[in-house]
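Remarks on the overall topology
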Amino acid sequence: MDKRIKELSGANMDIDLTTNKDDINWSQETCPWNKEENTNIHKCAIKNTSICKYFCGIKYLDKVLCSYPYENINVLKDDENK
């Protein structure tokens, strides 16, 4: 795997790192983009809406693959083909 891709634990199958850790009862890592910008607005993916430009997929068990701060070129290519 590309060394620029991080494995963030604690994802749920809504495919997001929640913005409010008080709403969940499992351990979850902080989104590196949110951490960098000192915010909680960024999500990995929102069902039927969008996918974060750093989102690289899901790995068993419940790990979000994140390329922040390197944009996922595959997401950009897919968006251009739509």
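As a starting point, this report considers the structure included with it.

What counts, and at which threshold
Residues numbered from 1 in each chain as written. Predicted model: local features only at pLDDT ≥ 70, side-chain atom pairs only at ≥ 80, totals over all residues. Heavy atoms only, no water. Pairing = 2+ DSSP bridges. Helix = DSSP H or I, 4+ residues; strand = E, 2+ residues; numbered from the N terminus. Axes fitted to C-alpha atoms, helices over the stretch in contact; angles between N-to-C directions. Phe/Tyr/Trp six-rings, centres within 6.5 Å; stacked < 30°, edge-to-face > 60°. Buried < 20%, exposed > 50% of the residue type's maximum accessible area, 1.4 Å probe, protein only. Lys NZ or Arg CZ within 6 Å of the ring centre and 35° of its normal. Salt bridge = Lys/Arg side-chain N within 4 Å of Asp/Glu carboxyl O.

Taken in spatial order, the three strands of this open sheet run E1-E5-E4, and their pairing is antiparallel. In this open sheet, the two edge strands, each paired with only one partner strand, are strand E1 (6–9) and strand E4 (55–59). Taking the axes of each pair of neighbouring strands and ignoring which way they run, one obtains an average angle of 30° across the sheet. Here E1 runs beside strand E5 (residues 63–66); their pairing, made up of four bridges, is antiparallel. Across the sheet, the residue bridging to Lys6 is Cys66, located in E5.

Okay, the packing of aromatic side chains next. Considering all chains together, one arrives at three aromatic pairs under this definition. For the pair Trp33 and Tyr68, a centre-to-centre distance of 6.3 Å together with 20° between the ring planes defines the contact as stacked. Pair noted here: Trp33 is in helix H1 (residues 32–37) and Tyr68 is in the loop between E5 and helix H2 (73–80), with a separation of 35 residues, a long-range link. Side by side, Trp33 and Tyr68 carry an identical accessibility label, which is buried. Linked through ring pairs, Trp33, Tyr54 and Tyr68 together constitute an aromatic cluster. Its guanidinium or amino end placed over the ring of Tyr70, Arg4 lies 5.3 Å from that ring's centre, counting from NZ or CZ.

Turning our attention to the pattern of salt bridges. Scanning all chains against the criterion turns up two salt bridges. Of the charged contacts, one joins Lys59 and Glu7 as a salt bridge, the two residues approaching to 2.9 Å between their closest N and O atoms. Taken together, the residues Lys59 in strand E4 and Glu7 in strand E1 connect sequence positions 52 residues apart. Lys53 serves as the salt-bridge partner of Glu71, at 3.5 Å between the closest nitrogen and oxygen. Of this pair, Glu71 sits in the loop between E5 and H2 while Lys53 sits in the loop between strand E3 (50–51) and E4; the two residues are 18 residues apart in sequence, bridging distant segments of the chain. Take Lys53: its relative accessible area is 31%, and that puts it in the partly exposed class.

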